Amino acid sequence: MSVSTDPVHVRRRRLAAGALLGAVLLGGWGMSQVFGGGDRSGSPDAATAGPTEATAPQPGAEGEDDGTAQGGSAETGSDEGATATEQDDDTADADADADGGEQAGQIWQREPAPVEHPSDTTALEQVDYLTGGLTPKSVMASGHGLMIANNMMYSHTSTVFDSTTREQVEVLQDGVDLAAFGIEGHPGISQGSPVEAVWTADGRYAYVSQYTMYGENFGVEGFDACTRDSGVGASFVYRFDAQEMAWDQVFRVGAVPKYLALSPDQRTLLVSNWCDATLSVVDTEKGEETGTVELAAAPRGLAIMPDNRTVYAVAMYADELYKVDLAEGTAEVVMQTPPRPRHLNLADEGRTLYLTTSGGNAVLKMDTATDEVVDEATPGVEPRSVALSPDEKALYVVNYDEASVSKVRTSDMEVIDTVDVDANPIGIDYDPVTNTVWVACYGGSIYVFDDQGSLL
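Residues numbered from 1 in each chain as written. Predicted model: local features only at pLDDT ≥ 70, side-chain atom pairs only at ≥ 80, totals over all residues. Heavy atoms only, no water.

Draft legend 1. Structural detail: the sheet that holds strand E5 (residues 168-173). Ordered in space as E2-E3-E4-E5, the 4 strands form an open sheet in which the pairing is antiparallel. The sheet is open, and its two borders are formed by strand E2 (136-141) and E5, each paired with just one other strand. Sheet twist, expressed as the average angle between the axes of neighbouring strands with direction ignored, equals 20°. Here E2 pairs with strand E3 (residues 146-151) via 5 bridges, running antiparallel. Of the residues in E3, the one forming a bridge with Ser 138 is Asn 150. (Pairing = 2+ DSSP bridges. Helix = DSSP H or I, 4+ residues; strand = E, 2+ residues; numbered from the N terminus. Axes fitted to C-alpha atoms, helices over the stretch in contact; angles between N-to-C directions.)

Next comes the structure, spelled out in structure tokens:
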């Protein structure tokens, strides 16, 4: 008979096998208790265990180099010599469907927790420090119980965490068989290079940009100093399904895609393409790029207004803030910014825009009715990514060249708290399920800070 190599089925078989092994070991432990083998005098006390440490699987542990992609399925020939154990796998698949589906649902369908204190009255208190197999470029909260950390492009992985237990629940390899997703011209396994992510509002899917692709027929490899004339090939966005814990969709965008944003109605995904200075407009129902908008050098940060039509976008190397009309497919410069505008956050139902300038060491507060700056903060040296608290009373800013995180009160743009982290903090997000702030440091760590337990 033929044994499915679909990643979802492989994962389910592993879950079933793990459960069977656990039952055997548990039975053995019970027998040892009955017959006097339960002496635990040499066992470490669970209460004195060290801090949580997330450790990624070793290469090959998840079937690496087995000829199948993480998100696609490879065709296999008839396996006439299948053993009885292999034949039982399909039955185990059915049994694992219910348990695995229930477990995944419990993780990705959690609800945000209520807060006791306004975020501009609380202090950041470190509660965890995650290492092991990480080189995180970004970390993003689903808002419903999961975090996805995209590791440095040469690591070729994205790590998914349960935000409550802070344990890894999946390590996604970026190697895929594009033909399995209906994309021709790139035979064999193609590798990506994860950069940023955006989650759907329900927490079911995360779209992950791939800086550049490796494999057959991709053109010039992406690089940060590239331009439209560099010959860098188009890249792709992968979609992660939190229910199945696998890539389930892949589509082409521009050259070196970086930041992503979803419209409030979830119908449109926007992707800023660093090398070809464009904005990809993606129809999420079709799962394909339906248009592009011309911008300037090195577009990055994006923010979509509540009307689902108006978009703010920055071009880092051009020092420009754009306002884009998606219906017309046009873009106009609304402001020359301080050096290297990078990140955008919308608040107050679209009436307020926060713009972070890495070269200007500032976060600007803007009135979108006039597109004028009304206030600003100076959080630290080389501010990069920024997260906004759910009550919109605080901004959390990573200071890349200062190895710190600053908390800014949005009412008057004053820095009210600063904490130290490892070198090169670059990604940050707020998890409303646990009311924690997660900080990704390029060198190989993620800090987790509680934001409700301590008052300023």
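Draft legend 2. The arrangement of the environment of Lys 365 in detail. Among the secondary structure elements, Lys 365 is positioned in strand E20 (residues 362-367). Setting aside residues up to four positions removed in sequence, Lys 365 forms contacts with Thr 352, Leu 353, Tyr 354, Glu 372, Val 373, Val 374, Asp 375, Glu 376, Thr 410, Ser 411 and Met 413. Within the structure, the side chain of Lys 365 is placed 2.9 Å from the backbone oxygen of Thr 410, a separation counted as a polar contact. (Contact = heavy atoms within 4.5 Å. Polar contact = N/O pair within 3.5 Å; in protein donor to acceptor, adjacent residues only side chain to side chain.)

Draft legend 3. Representation of the state of the cysteines within the structure. Scanning the model with the defined rule gives 1 disulfide in all. Here Cys 226 is linked by a disulfide to Cys 275, with a sulfur-sulfur distance of 1.7 Å. With the S-S bond torsion at -90°, the cross-link from Cys 226 to Cys 275 turns out left-handed. In this pair, Cys 226 is assigned in the loop between strand E7 (205-210) and strand E8 (236-241) and Cys 275 in the loop between strand E11 (268-273) and strand E12 (278-283), connecting sequence segments 49 residues apart. Just as Cys 226 is buried, Cys 275 falls in that class too. (Disulfide = S-S within 2.5 Å. Buried < 20%, exposed > 50% of the residue type's maximum accessible area, 1.4 Å probe, protein only.)

Draft legend 4. Structural context of the pattern of salt bridges. Taken as a whole and assessed by the stated rule, the structure comprises 16 salt bridges. Residues Glu 196 and Arg 300 are paired through a salt bridge, measuring 2.9 Å at the closest nitrogen-oxygen approach. Taken together, the residues Glu 196 in strand E6 (residues 194-199) and Arg 300 in strand E14 (residues 299-304) connect sequence positions 104 residues apart. The exposure class of Glu 196 is buried, given its relative accessible area of 3%. Taking relative accessible area as the criterion, Arg 300 reaches 2% and is therefore assigned buried. The closest approach of N and O atoms between Arg 204 and Asp 241, which form a salt bridge, is 2.6 Å. Of the two residues, Arg 204 is situated in the loop between E6 and E7 and Asp 241 in strand E8; the sequence distance between them amounts to 37 residues. For Asp 241, a relative accessible area of 5% corresponds to the buried category. The network of salt bridges with shared partners includes Arg 309, Asp 325 and Glu 328. (Salt bridge = Lys/Arg side-chain N within 4 Å of Asp/Glu carboxyl O.)

Draft legend 5. Region of the structure containing the environment of Asn 345. Structurally, the position occupied by Asn 345 is in strand E18 (residues 341-347). Since its relative accessible area comes to 11%, Asn 345 is described here as buried. Placed 33 residues apart in sequence, Asn 345 and Tyr 312 show a C-alpha to C-alpha distance of 9.6 Å. A distance of 3.4 Å separates the side chain of Asn 345 from the backbone oxygen of Val 386, its partner in a polar contact.

Draft legend 6. Local environment of the nonpolar core. Ranked by internal contacts, the top residues of the largest apolar core, which has 24 residues, are Leu 146, Trp 199, Phe 236 and Phe 240. Listing elements by their share of this core, those giving two or more residues are helix H2 (84-108), E3, E6, E7, E8 and strand E9 (246-252). Here the element with the most residues in this core is E8; it accounts for 3 residues. The contact partners of Leu 146, leaving out residues within four places of it in the chain, are Ile 107, Trp 108, Met 140, Ala 141, Val 160, Phe 161, Asp 162, Ser 163, Val 169, Trp 199, Ala 242 and Met 245. If you look at the next biggest cluster of nonpolar residues, it comprises 16 residues, including Val 293, Ala 315, Tyr 322 and Leu 326. (Core = buried A, V, L, I, M, F, W, Y, C linked by side-chain atoms within 4.5 Å.)

Draft legend 7. The arrangement of the pairing of E18 in detail. With 6 of 7 residues buried, E18 is to be regarded as a mostly interior element. As paired strands, E18 and strand E19 (residues 352-357) are joined by 6 bridges and run antiparallel to one another. Looking at E19, one finds that Pro 341 is bridged to Thr 357.

Draft legend 8. Structural context of the side chain of Thr 368. Positionally, Thr 368 belongs in the loop between E20 and strand E21 (372-377). For Thr 368, the side chain forms a polar contact with the main-chain oxygen of Gly 350, separated by 2.7 Å. Residues within four places of Thr 368 in sequence aside, it is in contact with Met 305, Tyr 312, Lys 323, Leu 346, Gly 350, Arg 351, Thr 352 and Leu 353.

Draft legend 9. Region of interest: the side chain of Asp 451. Tracing the chain through its elements places Asp 451 in strand E28 (residues 445-455). Within the local environment of Asp 451, its side chain forms a polar contact with the side chain of Lys 407, the two groups lying 2.8 Å apart. Dropping the residues within four chain positions of it, Asp 451 is found in contact with Ser 119, Thr 122, Ala 123, Leu 124, Tyr 396, Lys 407, Tyr 430, Asn 435 and Val 437.

Draft legend 10. Layout of the sheet that holds strand E24 (residues 404-409). Reading across the sheet, the 4 strands line up as E22-E23-E24-E25 and stay open at both edges, with antiparallel pairing between neighbours. Lying at the two open borders of the sheet, with one neighbouring strand each, are strand E22 (383-388) and strand E25 (414-420). Ignoring strand direction, the axes of neighbouring strands in this sheet form an average angle of 25°. Bridging between E24 and E25 involves 6 bridges; their strand directions are antiparallel.

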